[in-house]
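Coordinates in review
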Amino acid sequence: MNNSFFAMVNRMKYIDRWALMNNSTKENIAEHSHSVAVIAHALALIGNKKFDKNYDAQRVAVLALYHDTTEVITGDMPTPVKYYNDDIKNVYKDIERIAGDRLLSMLPEDFREDYKPFFEHNEEDKELWLLVKAADKISALVKCIEEDRMGNREFERALEAQKKIIDNIDLDEVKYFRDNFLPSYYLTLDEHTK
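Our subject in this report is the structure included herewith. In this text the structure is predicted, and so the values were computed from the model without any measurement.

Before going further, it helps to examine the pattern of salt bridges. If you walk through the whole model with that rule in mind, you get 15 salt bridges. As a salt-bridge pair, glutamate 156 and arginine 153 come within 3.0 Å of each other at their nearest N and O atoms. Judged by its relative accessible area of 34%, glutamate 156 is partly exposed. What you see here is one network of salt bridges that share partners, running through Asp94, Arg97 and Asp101.

See the structure below:
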């Protein structure tokens, strides 16, 4: 019996993001997944408290923690490559599905159904996955903001592109987060604590 699932998940810390970019600070998929989980959880709470939604905030956080786990097998495919055309995008989705199946096979049989929704999106989690996807985009914007604040011109275009992506997400929760929480990511530590 192969019980390597958790050891493989632990390897998320070895997969760097933004591989084609010159980074001031490296970011791995474990750090990124934590960021996405925090933001997705916040989006769910915003939806529940401000827009009369009924999201399961804890579940969306867990979905977000696992959203890039297949990359321990596939690596982090740079966005310009992954979305270059529909053929590549569809092949990559198939590769991600196979990687998810492989990871699930590393669990004892009686645990697989519990973890399956993290790799095979089901209809009942559809709204939650929209929040995870939005949180993923917000997290990418935050990375661009951080790099820009460090004077890294490499991220100038990415910053503008990510801002547009966030502006075009048609979710009240995202607009609320953008307007109320994103501005603080531009502040220094001293500005946060005064």
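The rest of the description comes next.
Taking 1.5 Å per residue as the helical rise, helix 2 (residues 29-50) with its 22 residues ought to reach 32 Å, and the 30 Å between its terminal C-alpha atoms agrees with that figure. Taken together, the buried positions of helix 2 are Ile29, His32, Ser33, Ser35, Val36, Ala37, Ile39, Ala40, Leu43, Ala44, Ile46 and Gly47. Buried residues belonging to helix 2 abut helix 3 (57-66), helix 4 (71-74), helix 8 (126-149) and helix 10 (172-180). Measuring from the backbone nitrogen of alanine 30 back to the side-chain oxygen at the start of helix 2 gives 2.9 Å, which picks out asparagine 28 as the cap. Positive phi shows up at aspartate 52, right after helix 2, with a value of about 55°.

Before going further, it helps to examine helix 6 (residues 86-104). A rise of 1.5 Å per residue sets the reference length of helix 6, with its 19 residues, at 27 Å; its end C-alpha atoms lie 27 Å apart and thus fit the reference within 8%. Of the residues flanking the start of helix 6, the one acting as N-cap is asparagine 85, its side-chain oxygen 2.8 Å from the backbone nitrogen of isoleucine 88.

A separate point is the packing of helix 8 against helix 9 (residues 156-167). At their nearest, the axes of helix 8 and helix 9 sit 9 Å apart, and the two run at 145° to each other. Judged by the twist between their axes, the crossing of helix 8 over helix 9 is left-handed. In this structure, helix 8 uses Lys137, Ile138, Ala140, Leu141, Cys144, Ile145 and Asp148 to contact helix 9, whose residues at the interface are Glu156, Ala158, Leu159, Gln162, Lys163, Ile165 and Ile166. The residue inventory of the contact of helix 8 with helix 9, partitioned by class, reads nine nonpolar, one polar and four charged.

Mapped onto the elements, isoleucine 29 comes out in helix 2. Residues isoleucine 29 and aspartate 76, spaced 47 residues apart in sequence, show a C-alpha to C-alpha distance of 8.2 Å.

When two helices pack together, their arrangement is given by the angle between the helix axes and the distance between those axes. Viewed as axis vectors pointing N to C, helix 2 and helix 8 meet at an angle of 125°, and their least axial separation amounts to 8 Å. It follows that helix 2 is oblique to helix 8 by the angle criterion. The crossing of helix 2 and helix 8 is right-handed. Each of His32, Ser35, Val36, Ile39, Ala40, Leu43 and Ala44 in helix 2 lies in contact with helix 8, whose residues at this interface are Leu131, Val132, Ala134, Ala135, Asp136, Ile138 and Ser139. For the contact of helix 2 with helix 8, the per-class residue count stands at ten nonpolar, three polar and one charged.

Calculation criteria
- Residues numbered from 1 in each chain as written.
- Predicted model: local features only at pLDDT ≥ 70, side-chain atom pairs only at ≥ 80, totals over all residues.
- Heavy atoms only, no water.
- Salt bridge = Lys/Arg side-chain N within 4 Å of Asp/Glu carboxyl O.
- Buried < 20%, exposed > 50% of the residue type's maximum accessible area, 1.4 Å probe, protein only.
- Helix = DSSP H or I, 4+ residues; strand = E, 2+ residues; numbered from the N terminus.
- Expected span 1.5 Å × (residues − 1).
- Contact = heavy atoms within 4.5 Å.
- Polar contact = N/O pair within 3.5 Å; in protein donor to acceptor, adjacent residues only side chain to side chain.
- Axes fitted to C-alpha atoms, helices over the stretch in contact; angles between N-to-C directions.
- Left-handed = near helix turned anticlockwise from the far one by under 90°.
- Nonpolar A, V, L, I, M, F, W, Y, C, P; charged D, E, K, R; others polar.
- Parallel < 35°, antiparallel > 145°, perpendicular 65-115°, else oblique.

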